[in-house]
Each structure stands twice: as structure tokens, then as C-alpha cells.
Amino acid sequence: MPVPRPLRERCREFLGIDGEIGYIFPAMAYGGGAGFIFVVTDDQIAVISTGAMSRTTPKTVWGSYPRGTRIGPVETGVGASFEFAGAVFEVDDEYAAVVNAADAEIFDRDSLPKDPLPDL
């Protein structure tokens, strides 16, 4: 499920990003509480806190990491979760594929599907 354009634009403006956002997905602190938005660009992985009351309003930058940092793997079962930068996050099941794709782009490029229209 794609993140709504207004949220993507709020994150772009909040971070001052001019380039492309490759991946973006919401997450929560494991067990509930604070919300987060992971924004993945060519250069970095920015983790934005949205606080406990909102899931769509950026409040602070929780952390910024080099793009070569692995986000997953996503553990599935009772719910989808992953450990990143010493914290555990939960994501809706539909975003597990986004986390895996972001990691595959850096760590396992051969597993990604080929571009069906490479000349465009």
C-alpha cells in the first residue's frame, strides 16, 4: 500500500530533501506508543518520529543513517516487526515487502525484478 502523497511531501519538506524518495513506510515502536516514518533515499535512511498522537505529522528526526544500513529482516508471525538501530519496530504486514525491497536494493540486487521498460 503506497504512502499517501501528502505524507510523502510533508516528509520531503521536513527533511529538506530535493532528490528522490525511494521507499517510505510507517512504523510504530514495538508494543505501541510512538509512531515513526522511515524515509529511504539514495544517500540515507531517515527515521522521523511522529509522536504518540499522530501517525502522519513529522515531529523530530529520531535518527539518520547511511543508505548502506540494513533495515530488516522483518520477522513475521503474530505481527511484522524488525530491529533497527537498537530499537524494535512494528509495521503493518503490507509494508514488510517495502522493508525487504529497500534492503534487497542494496544487499541483494540480483533478487529484484528486472526493469520491464529500461529505455524509458
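Because the structure is predicted, anything quoted here is derived from the model rather than measured.

Comments concerning the sheet that holds strand E5 (residues 80-84)
Spatially, the six strands line up as an open sheet ordered E4-E3-E2-E1-E6-E5, and their pairing is antiparallel. Looking at which strands have only one partner, the edges of the open sheet turn out to be strand E4 (60-66) and E5. On average, each strand axis in the sheet is tilted by 30 degrees relative to the strand beside it, whichever way the strands run. Where strand E2 (residues 35-41) lies against strand E3 (residues 44-51), six bridges are found, and the strand directions are antiparallel. Paired with valine 40 across the two strands is isoleucine 45, which belongs to E3. Docked against the sheet, helix H2 (residues 96-107) engages strand E1 (21-29), E5 and strand E6 (87-91), running at close to 130 degrees with respect to E1.

Quick notes on H2
Given a rise of 1.5 Å per residue, 12 residues ought to cover 16 Å, and the 16 Å separating the end C-alpha atoms of H2 matches this to within 8%. Those residues of H2 that fall on the buried side of the exposure criterion are Ala96, Val98, Val99, Ala102, Asp103 and Ala104. On its buried face, H2 is in contact with E1, E5 and E6.

Comments concerning the nonpolar core
Counting 31 residues, the largest nonpolar core has Phe25, Phe38, Val39, Ile71, Phe82, Phe84 and Phe89 as its most contacted members. Among the elements of the structure, helix H1 (5-15), E1, E2, E3, E5, E6 and H2 are those that each provide at least two residues to this core.

Description of the packing of aromatic side chains
Counting across every chain of the model gives 10 aromatic pairs. The interplanar angle of 85 degrees and the centroid separation of 5.1 Å between the aromatic rings of phenylalanine 36 and phenylalanine 89 together place this pair among those described as edge-to-face. Residue phenylalanine 36 is found in strand E2, and its partner phenylalanine 89 is found in strand E6; the two are separated by 53 residues along the sequence. Exposure remark for phenylalanine 36: the relative accessible area of 7% places this residue in the buried category.

The rules behind each value
Residues numbered from 1 in each chain as written. Predicted model: local features only at pLDDT ≥ 70, side-chain atom pairs only at ≥ 80, totals over all residues. Heavy atoms only, no water. Pairing = 2+ DSSP bridges. Helix = DSSP H or I, 4+ residues; strand = E, 2+ residues; numbered from the N terminus. Axes fitted to C-alpha atoms, helices over the stretch in contact; angles between N-to-C directions. Contact = heavy atoms within 4.5 Å. Expected span 1.5 Å × (residues − 1). Buried < 20%, exposed > 50% of the residue type's maximum accessible area, 1.4 Å probe, protein only. Core = buried A, V, L, I, M, F, W, Y, C linked by side-chain atoms within 4.5 Å. Phe/Tyr/Trp six-rings, centres within 6.5 Å; stacked < 30°, edge-to-face > 60°.

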